[in-house]
Structures are given as structure tokens and as C-alpha cells.
Amino acid sequence: MPRVLRPLLLLSLALLLSGCYYLHLATGETRLLMRREPIRKVLDAPGTDPALKARLRLALRARAFASDRLDLPRNRSYTLYADIGRPFVMYNVFATPPLSMRPITHCFPIAGCVAYRGYYKKTRAEAEAGRLRAKGDDVYIGGVPAYSTLGHFADPILSSMNRWSDDELVGTIFHELAHQKLYVKGDTAFNEAFATFVQREGLRQWHAAEHLAPSDPGATQRAERFTRLLLRTREQLVKLYASDRSDAEKRRLKKAAFTELRTRYRTLRAGPWRDHADYDAWMAQPLNNAALLPFALYDRDVPAFATLFAQVHGDWPAFFAAVRALSKLPAAQRHAKLDALRTHS
């Protein structure tokens, strides 16, 4: 079958499934896939900007490293480029009930159940966010510069990734290929923590192989401390919502928890982070349960995967085999194992 026809099958599937949302997803994905062209072709084109050429050469080196050294899938993903003409390829809408940290999930034929709903158009994401807010839910919209189709299509490097640092570009290639290596339907937290560990460890090994200086230790420490700060607030809220306090008291203490979070951040900015505004924009937005969801999904269990990697002495095939065995357990047992691994990190 000609490759150009394959994206059209997704659109046909959406029409068969019916429903405006599926049609939106299929149309957006088809338009993206039709913009792809081989990176080698872009590099050979005389009019290609030299800065873009340098980025794409870096992407190809990282792509080869992912398969050669990290045991990640070897396929056409990230050997293609697509200029999408916008800063984000999608916008994810996260939501929770007002007195719960449990995400409102959405289920799809390919990805299974996930803790967000994605839109190619920001206006549609904002409309969905408005609908959820009107119901009383906590809502957060996050821009998505890249994502994986889990190997169903050859995912391209996107123009929305061009503004990133080299480490962000390389790390994202590792992250998204990890999703192609292993993905558990219905378990966003497991999938994202796993891919985030592969991204971080893969990037560490990339730096060593390329004889690059380690990533800025100060930035890494700030990121880890900021994540701990948010996860601490999340755990505080989880306990609050599970308590037998009245809903009115829970709402009051919820507000106090976010006020305390802002106070702790201001203390950091006035002290050790005086010259670092990394997270000012994030902290300036309205804070609610949903805004904390991405940190819980992406970061909480990363130490558990790090422990598992150490247990197999840093052997990637053995690590992936161990993660695959873990993924086959019932969800409750799987997360109990992760909890145990995390406590030994």
C-alpha cells in the first residue's frame, strides 16, 4: 500500500466510529502525517536553513543512538520532519473533580484510557475546558510539542520542537520511542514514568558517549526540588480529600494548600533561586488539582524504574524484560511493586 494512503485510513476509521471528536483527531493526525518528508531530503534541499540542518543532523544521530545503544525500536520514526507552523502540535485537557486528585479519564481504541483529552486546535481545547469548568471540575490545559502514535505511524520530528535545547530534543526522541517499546493501555502514570526514566537515563548515556558536559546540575536540582514541592502538595490534598471533613472544610483547606505552595515558591525565589525564574510562569497561572496531574503522572514513579534499572546492572534488554513482566501484572499489584521499588530508591 502506498505510504501516502495510510494516514487516510485513520480518517476512514474515524468516520466509521462516528463522533465529532474522533473526526477531529483523525483529521488533525492526517494533516500532520501528510506534511512529513524524509530528513535526508530536507538536508539536501538547497534552501534549508543552516540552523535547521544542524538540528536535524542532531536528531538523526540521536535516533541511531536510541536503537544502537538503548535498545529502542528501529523504525522510520524520527527520520522524518514535518513543519506544522504552530508552537504546539496538540493541547491536552486535564481535569479532576473539585475534591479529588483522581483524573477524569477518556478511553480510545488505540491508546486505551488516558488521563487527558487532546485537541489539535486550541479553541477546541478551551471549549472543552470551559464545559468541564461549568460542571465544577478543576481543569488545566497543557501545550504538547510532540507525541507518539505508539508505532502505528512513523512519527516525525516536528517544527514545534525547534525552539528546544539539544537535550530536550534528544531526550524527547528517547521518551517517545520508549512508548513504542512498551505501552500499557489504561495506565498513564506507569507509561509516562517509564518513558521519563528512559529519557533521563538515555540522555545521561548520550552525554557520556558524545563527550558532552553533564546537564546543568543546578537546573536539574531545581527541577527535582520543584517537582517534590508539587508532589508534596498533591499528597497533602490526597489525604485531605480522603478525610471525613465536610466538603466546605475541604474546600477551605484546599485553598490554603495552594496558598502555602505559592508561599514556599516565593521563599525559594527570594533565596536560593533568586536569579532563576524557571517556574514563574507556571506558578503565575491559576492553581488547582488538575494542574498537578502531569507531575504525578510523569515524575512520581521515575525512582522506581531507576531502582529496577540498577537491579539489572544497567542492561537495557534485561530492564525492558523486567518492565514488561511488571506491566503484565494486575494494575493494583503493578503499582504496589512500583511503590516498593520507589521506597528502595
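It should be emphasised that the depicted structure is a prediction, and the values quoted were computed from it without experimental measurement. (Residues numbered from 1 in each chain as written. Predicted model: local features only at pLDDT ≥ 70, side-chain atom pairs only at ≥ 80, totals over all residues. Heavy atoms only, no water.)

S.K.: Help me get a handle on the overall build of the chain, residues and values and all.
M.R.: Looking only at helices and strands, one finds 14 helices and eight strands in the chain. Scaling as 2.2 N^0.38, a compact globule of 345 residues should have a C-alpha radius of gyration of about 20 Å, and the chain matches this with 21 Å. Referenced to the eigenvectors of the C-alpha coordinate spread, the extents of the chain come out at roughly 65 × 50 × 45 Å. When burial is assessed residue by residue, the chain has 49% of its 345 residues classed as buried. Sequence separation of at least 24 residues holds for 73% of the intrachain contacts in the chain that already meet a minimum separation of 6. Summed over all atoms, the accessible surface of the chain reaches about 17,100 Å², with 56% contributed by carbon and sulfur. Averaging the positions of the 52 positive and the 34 negative side-chain charges in the chain gives two centres separated by 4 Å. (Helix = DSSP H or I, 4+ residues; strand = E, 2+ residues; numbered from the N terminus. Rg over C-alpha atoms; globule rule 2.2 N^0.38 Å. Buried < 20%, exposed > 50% of the residue type's maximum accessible area, 1.4 Å probe, protein only. Contact = heavy atoms within 4.5 Å. Areas by Shrake-Rupley, 256 points an atom, 1.4 Å probe, with all protein chains shown as cover. Lys, Arg positive; Asp, Glu negative; His and termini not counted. Charge placed at Lys NZ, Arg CZ, Asp CG, Glu CD.)

S.K.: Report on the environment of Phe305, specifying residues and quantitative values.
M.R.: Structurally, Phe305 can be placed in helix H12 (residues 302-311). Here Phe305 falls in the buried class, since its relative accessible area comes to 0%. As for Phe305 and Lys41, which are separated by 264 residues in sequence, their C-alpha atoms are 38 Å apart.

S.K.: Please give an account of the packing of H12 against helix H13 (residues 316-327) that cites residues and values.
M.R.: Running from N to C, H12 and H13 point in directions that differ by 125°, and their axes come no closer than 9 Å. Relative to H13, H12 is oriented oblique. H13 is crossed by H12, and the crossing has right-handed handedness. Two secondary-structure elements touch here, H12 through Phe305, Leu308 and Phe309 and H13 through Trp316, Phe319, Ala322 and Val323. Of the residues contributing to the contact of H12 with H13, the split by class is seven nonpolar, no polar and no charged. (Axes fitted to C-alpha atoms, helices over the stretch in contact; angles between N-to-C directions. Parallel < 35°, antiparallel > 145°, perpendicular 65-115°, else oblique. Left-handed = near helix turned anticlockwise from the far one by under 90°. Nonpolar A, V, L, I, M, F, W, Y, C, P; charged D, E, K, R; others polar.)

S.K.: Any details on the packing of aromatic side chains? Residues and values, ideally.
M.R.: Taken as a whole and assessed by the stated rule, the structure comprises 26 aromatic pairs. Look at Phe197 and Trp316: their rings are 6.4 Å apart centre to centre, the planes differ by 40°, and that puts the pair in the tilted class. Within this pair, whereas Phe197 is found in helix H7 (residues 188-209), its partner Trp316 is found in helix H13, the two being separated by 119 residues in sequence. Under the relative-accessibility criterion, Phe197 is labelled buried at 6%. With a relative accessible area of 5%, Trp316 lands in the buried category. A ring pair is formed by Phe226 and Tyr265, whose centres lie 6.0 Å apart and whose planes are at 70°; its orientation type is edge-to-face. You can see Phe226 sitting in helix H8 (residues 217-242) and its partner Tyr265 sitting in helix H9 (residues 247-270), a full 39 residues away along the chain. By relative accessible area, which is 1% here, Phe226 ends up buried. Tyr265 sits in the buried class, given a relative accessible area of 5%. (Phe/Tyr/Trp six-rings, centres within 6.5 Å; stacked < 30°, edge-to-face > 60°.)

S.K.: Mind laying out the nonpolar core, listing which residues take part and the relevant values?
M.R.: Ile157, Phe174, Trp282 and Phe319 are the most contacted members of the largest nonpolar core, which has 102 residues in total. Once you skip the residues sitting within four places of it in the chain, Ile157 turns out to touch Ile39, Leu56, Ala59, Tyr78, Leu80, Tyr81, Ala82, Leu169 and Ile173. (Core = buried A, V, L, I, M, F, W, Y, C linked by side-chain atoms within 4.5 Å.)

S.K.: I'd like a description of the sheet that holds strand E3 (residues 90-96), backed by residues and values.
M.R.: Strand order in the open sheet made by the three strands is E6-E3-E7, with antiparallel pairing throughout. Edge positions in the sheet fall to strand E6 (117-119) and strand E7 (138-144), since each of these pairs with one other strand and no more. Strand after strand, the sheet turns through a mean of 25° between neighbouring axes, direction not considered. Pairing geometry for E3 and E6, over three bridges, is antiparallel. Counted as the bridge partner of Val93 is Arg117 from E6. (Pairing = 2+ DSSP bridges.)

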